[in-house]
Amino acid sequence: MNPTLMEIMPLAAKNYCCSQILVLMALRAQGVENWPLVRAAAGICHGMESGLTCGILTGGCLVLGLYAGRGREEELAHEKADLIVTEFVDWFREKATDMYGDITCQAILSEGKPDASRCGGLMADAWDQILAILSEAGIDPSEPRE
């Protein structure tokens, strides 16, 4: 089985949604805890609880922002921040549309609820894509941004 999927499944079993799982994986990669961020990611679960844009897409963008976005007033965003988010969105749009016809939770979910084979596989692919995008941008996913 895919090693990324093996990391995802225990988190899904603890009832974290896709966006929260991606955030948890990023935080674990950095060796930090940030429960308020995990809690905030719940706001984009299941297409914002309305079946809209998939939480894998919005959660992935949140993770990329964690690595490359601007936080404090005196801080600057990574020079490729916008580019890496756009690259991920384009990748996800193509992948999800090819597989499920759209990027909405409603299109991806099986019978209206999360499905490990659909959501888990797509999330594992998304995490691997996030790591590849970060690497190409010269961002080490194990390094928290200070």
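See above for the structure.
Residues numbered from 1 in each chain as written. Predicted model: local features only at pLDDT ≥ 70, side-chain atom pairs only at ≥ 80, totals over all residues. Heavy atoms only, no water.

(A) Examining the nonpolar core more closely. Counting 45 residues, the largest nonpolar core has Ile56, Val63, Ile84, Phe88 and Phe92 as the members making the most contacts within it. Of all the secondary structure elements, the ones that give two or more residues to this core are α1 (3–13), α2 (18–30), α3 (35–41), α5 (55–68), α6 (81–100), α7 (105–108) and α8 (116–136). In terms of residue count, the dominant contributor to this core is α8 (nine residues). Other than its neighbours up to four places away in sequence, valine 63 contacts Leu22, Val23, Ala26, Trp127 and Ile130. (Core = buried A, V, L, I, M, F, W, Y, C linked by side-chain atoms within 4.5 Å. Buried < 20%, exposed > 50% of the residue type's maximum accessible area, 1.4 Å probe, protein only. Helix = DSSP H or I, 4+ residues; strand = E, 2+ residues; numbered from the N terminus. Contact = heavy atoms within 4.5 Å.)

(B) Representation of α1 within the structure. What α1 keeps buried is the set Thr4, Leu5, Ile8 and Leu11. End-on view of α1: buried residues confined to an arc of 125°, all on one side of the axis. Of the exposed residues in α1, those oriented more than 90 degrees away from the buried face are Pro3 and Ala13. Looking one or two places after α1, you find asparagine 15, whose phi comes out positive at around 70°. (Arc of directions from axis to C-beta.)

(C) Expanded view of the state of the cysteines. Per the stated rule, a full pass over the model turns up one disulfide. Each sulfur of the disulfide joining cysteine 17 and cysteine 45 lies 1.9 Å from the other. Its torsion about the S-S bond being -65°, the disulfide of cysteine 17 and cysteine 45 is classed as left-handed. Taken together, the residues cysteine 17 in the loop between α1 and α2 and cysteine 45 in the loop between α3 and α4 (46–51) connect sequence positions 28 residues apart. For the residue pair cysteine 17 and cysteine 45, the accessibility class agrees, reading buried in each case. Of all cysteine sulfurs in the structure, the one in cysteine 54 sits closest to cysteine 61, which takes part in no disulfide; the separation is 11 Å. With no disulfide of its own, cysteine 119 lies closest to cysteine 18 among cysteine sulfurs, the gap being 4.8 Å. (Disulfide = S-S within 2.5 Å.)

(D) Examining the packing of α1 against α2 more closely. Two elements in contact, α1 and α2, have axes separated by 10 Å at closest approach and are oriented at 115°. Crossing of α1 over α2 shows right-handed handedness. Two secondary-structure elements touch here, α1 through Thr4, Glu7, Ile8, Leu11 and Ala12 and α2 through Ile21, Leu24, Met25 and Arg28. (Axes fitted to C-alpha atoms, helices over the stretch in contact; angles between N-to-C directions. Left-handed = near helix turned anticlockwise from the far one by under 90°.)

(E) Molecular detail of the side chain of threonine 104. Structurally, threonine 104 can be placed in the loop between α6 and α7. By relative accessible area, threonine 104 is classed as buried at 18%. Leaving out residues up to four positions away in the same chain, threonine 104 has contacts with Gly51, Leu52, Thr53 and Cys54.

(F) Molecular detail of the packing of aromatic side chains. One pass over the full model with this rule turns up three aromatic pairs. With 6.4 Å between their ring centres and 55° between their planes, tryptophan 91 and phenylalanine 92 make a pair best called tilted. Given the relative accessible area of 19%, tryptophan 91 is considered buried. Judged by its relative accessible area of 0%, phenylalanine 92 is buried. (Phe/Tyr/Trp six-rings, centres within 6.5 Å; stacked < 30°, edge-to-face > 60°.)

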